[in-house]
There are 2 protein chains.
Amino acid sequence: MLDIVLLGCGGTVPLKNRWLTACYLRCNGRAVLIDCGEGTQIAVKEAGVSLFAIDTICLTHYHADHVSGLPGLLLSMGNEGRIAPLAIYGPRGLQRIIEGLRVIAPELPFSLELHEFTQQQENFIAGDLHFTAFGVQHTLPCYGYRVHLPRAGKFDPGRARENNIPLVVWSKLQKGSAVEWEGTTYYPRQVMGEPRKGISMVYCTDTRPTASLETAAQSVDLLICEGMYGDDEKQDKALETLHMTFSEAAVLAKNARVKALWLTHYSPSLPDPESFLPAAQNLFFNTQCGCDGKRTTLQFED
Amino acid sequence: MLDIVLLGCGGTVPLKNRWLTACYLRCNGRAVLIDCGEGTQIAVKEAGVSLFAIDTICLTHYHADHVSGLPGLLLSMGNEGRIAPLAIYGPRGLQRIIEGLRVIAPELPFSLELHEFTQQQENFIAGDLHFTAFGVQHTLPCYGYRVHLPRAGKFDPGRARENNIPLVVWSKLQKGSAVEWEGTTYYPRQVMGEPRKGISMVYCTDTRPTASLETAAQSVDLLICEGMYGDDEKQDKALETLHMTFSEAAVLAKNARVKALWLTHYSPSLPDPESFLPAAQNLFFNTQCGCDGKRTTLQFED
């Protein structure tokens, strides 16, 4: 299963009751943080999730509201005793951005492993989660993230018998490890059925609606998508600033046949996102307004 | 008069209900900000003071908790329409720090005027306020700030008559401007008495007690001083980290004969500073615990 916590839902500037947009993903005890604006380390505490569990940080782009909290967060990780390496993924320029920000965090008791995207689409694995970063359309290079938690097939005793697998190694194979027994090596694929449907979600901000986003979001369990403007009358502003309206996000969610849409990254000029929710729900029924600390746990089916 | 607002009072990391230590000084409509850790731009809003009025930022040193909020604050100033130059003062390394942090704030609609200290003591003027930056003792170069608002002498009609100053120019001279009248230039000093006692305060963190601080704080109206640790049993920790206990700050305030002491820059391990206040007040009676948003207005005497 995959725990998802929306740490903040604000764009541009942190407000008193709205942290900047960031997302915390937890799977099997380890965590991934997507984006880290000013105050994200406080939002992590407020959400009651662990800073220490974060092994990977994914950055969408390098506007300050998505990355300015990084030096403080890294220092706090160090203060909490982290010594394990931390992986950071992001668009080209990552090395330069991290070097710049580390002017105020020069000494950390752990190393950073920087992974700078060079392609429009890149795949990587963090813990049990399979990520696809995909390029979107903003005022500077920006990526969305598709996150997939795969699920192995069911154990198939019929296949195990057909393949003459000794009963004594069944349970180990079922847990996913190869086993050697009396001079022969046995593999999980010899006893397992076809992989089953896993869990998938997409996190995407800041962008215009793009084909890359619609493709990545195809049939996901949850799409967390920017909705900078609630009012359709701000459509011109969305075009100008390369953001989206609620309606655009809802139409995209519908076209991508996602199960649920959470809106986030609200403009500071949008004090009450809920007031524009009914209109978005008319376009895509399972639209919800994100808010600080909003969380869900995505479970495997059946 | 001088308005003083303690925007935050936390050291090391911002907490849910405690912003990082920063101070806002307002005099005759213009403002100076001292230090700018993560979240200071939110603390400015919460305190209900103007971001737009800030013409000068003074940095004590470059630990992240005193400077990590700078990129976001600068961008917000730009978003609010600032075009006037902004002065920033700080220890050596200022240029490098600002360049590093501006990797996420490369474009601002106003210029920065950077003033990097080269001496242990430096004087400068911001609006009507006269500053003295003085070196203190921390784990890296660090300065405290003495702030002085001078006060002109009283208008002395006796002197004006002795100096044969025409009655018609008296009021302009009284306001501080030189005046030309019938071919002769008259100066305020010809009609004014000796300058009167002004207003003075010192802001100082992070440091051990130093002679420079005690000298700068001599007889000031208000000393805002770090008190990282409340408990005297943390004395060894204060020595190790080059910070102060409440008791050390109180003794220093007494020796410097200040009128009032506000403690600030509390360790995150100090949830209830007030519980250690009585002991500090035993050493210096007018000791107060700083808290987020604590404010005062220092007035000229009589």
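Below, the structure is looked at part by part.

What counts, and where the lines are drawn
- Residues numbered from 1 in each chain as written.
- Chains lettered and ligands numbered in written order.
- Predicted model: local features only at pLDDT ≥ 70, side-chain atom pairs only at ≥ 80, totals over all residues.
- Heavy atoms only, no water.
- Pairing = 2+ DSSP bridges.
- Helix = DSSP H or I, 4+ residues; strand = E, 2+ residues; numbered from the N terminus.
- Axes fitted to C-alpha atoms, helices over the stretch in contact; angles between N-to-C directions.
- Contact = heavy atoms within 4.5 Å.
- Least-squares fit on C-alpha atoms with pLDDT ≥ 70 in both.
- Buried area = accessible area lost by both parts, 1.4 Å probe.
- Polar contact = N/O pair within 3.5 Å; in protein donor to acceptor, adjacent residues only side chain to side chain.
- Nonpolar A, V, L, I, M, F, W, Y, C, P; charged D, E, K, R; others polar.
- Salt bridge = Lys/Arg side-chain N within 4 Å of Asp/Glu carboxyl O.
- Buried < 20%, exposed > 50% of the residue type's maximum accessible area, 1.4 Å probe, protein only.
- Core = buried A, V, L, I, M, F, W, Y, C linked by side-chain atoms within 4.5 Å.
- Arc of directions from axis to C-beta.

**Focus on the sheet that holds strand β6 (residues 112-116) of chain B**
Residues and elements named next belong to chain B. Taken together, 7 strands build an open sheet; the order of strands is β6-β5-β4-β3-β2-β1-β16 and the sheet is mixed. For this open sheet the edge positions go to β6 and β16 (294-298), each flanked by a neighbour on one side alone. With strand direction ignored, the average angle separating the axes of adjacent strands in the sheet is 20 degrees. Relative to β16, strand β1 (residues 2-8) is paired through 5 bridges, and the arrangement is antiparallel. In the sheet register, Asp 3 faces β16, and the bridge partner there is Thr 297. Relative to strand β4 (residues 54-58), helix α2 (residues 70-79) is tilted by about 170 degrees, and along the sheet it contacts β3 (30-34), β4, β5 (86-90) and β6. Running over the sheet, helix α3 (residues 94-101) touches β5 and β6 and is turned about 145 degrees from β6.

**A few points about the relation of the copies chain B and chain A**
Screw-axis analysis of chain B against chain A gives a translation of 0.0 Å along the axis, an RMSD of 0.0 Å, and a rotation angle of 180 degrees. The symmetry that links the two subunits is that of a two-fold axis. Taking C-alpha positions as reference, the residue of chain B nearest the rotation axis is Gly100(B), located at 1.9 Å. Interface overlap between copies: 100% of the residues of chain B at the interface are likewise at the interface in chain A, consistent with a symmetric, same-surface contact.

**Remarks on the interface of chain B and chain A**
Taken together, the 29 residues of chain B in the interface contact 29 residues of chain A. Counting the surface lost from both chain B and chain A, the interface buries some 2200 Å², and carbon and sulfur atoms represent 67% of this. The largest contributions to the chain B side of the interface with chain A come from Glu38(B), Val103(B) and Ile104(B), which together make up 29% of the buried area. Taken together, chain B and chain A are joined by 4 residue pairs in polar contact (both at pLDDT 80 or more). Secondary-structure elements contributing two or more residues to the side of chain B that touches chain A are α1 (40-47), α2 and α3 of chain B. Element by element, the count of residues in the side of chain B that touches chain A is highest for α1(B), at 5 residues. Considered class by class, the residues forming the side of chain B that touches chain A number 13 nonpolar, 11 polar and 5 charged.

**Regarding the pattern of salt bridges**
Under the counting rule described, the total for this entry stands at 16 salt bridges over all chains. Residue Arg208(A) is joined to Glu248(A) by a salt bridge in which the shortest nitrogen-to-oxygen separation is 2.7 Å. Placement of the pair is Arg208(A) in the loop between β12 (196-204) and α6 (211-216) and Glu248(A) in helix α8 (residues 246-255), with a sequence separation of 40 residues. Summarising the burial analysis for this pair, Arg208(A) and Glu248(A) share the class buried. Among the salt bridges present, the one from Glu301(B) reaches Lys197(B), with a minimum N-O distance of 3.8 Å. Of this pair, Glu301(B) sits in the segment after β16 while Lys197(B) sits in strand β12 (residues 196-204), and the two are 104 residues apart along the sequence.

**A closer look at the nonpolar core**
Membership of the largest hydrophobic core comes to 72 residues, with the highest contact counts inside it found for Leu7(A) and Leu7(B). Those residues in contact with Leu7(B) that sit more than four places away from it in its chain are Trp19(B), Ala22(B), Cys23(B), Tyr24(B), Leu33(B), Thr40(B), Ala43(B), Val44(B), Ala47(B), Val49(B), Asp292(B) and Gly293(B).

**Comments concerning α3(B)**
Three or more residues of α3(B) are buried, namely Leu94(B), Ile97(B), Ile98(B), Gly100(B) and Leu101(B). The buried residues of α3(B) occupy an angular sector of 160 degrees when the element is viewed end-on, so they sit on one face. More than 90 degrees from the buried face of α3(B), the exposed residues found are Arg96(B) and Glu99(B). Among the structural elements, α3 (94-101) of chain A together with α2, β5 and β6 of chain B are those in contact with the buried residues of α3(B).

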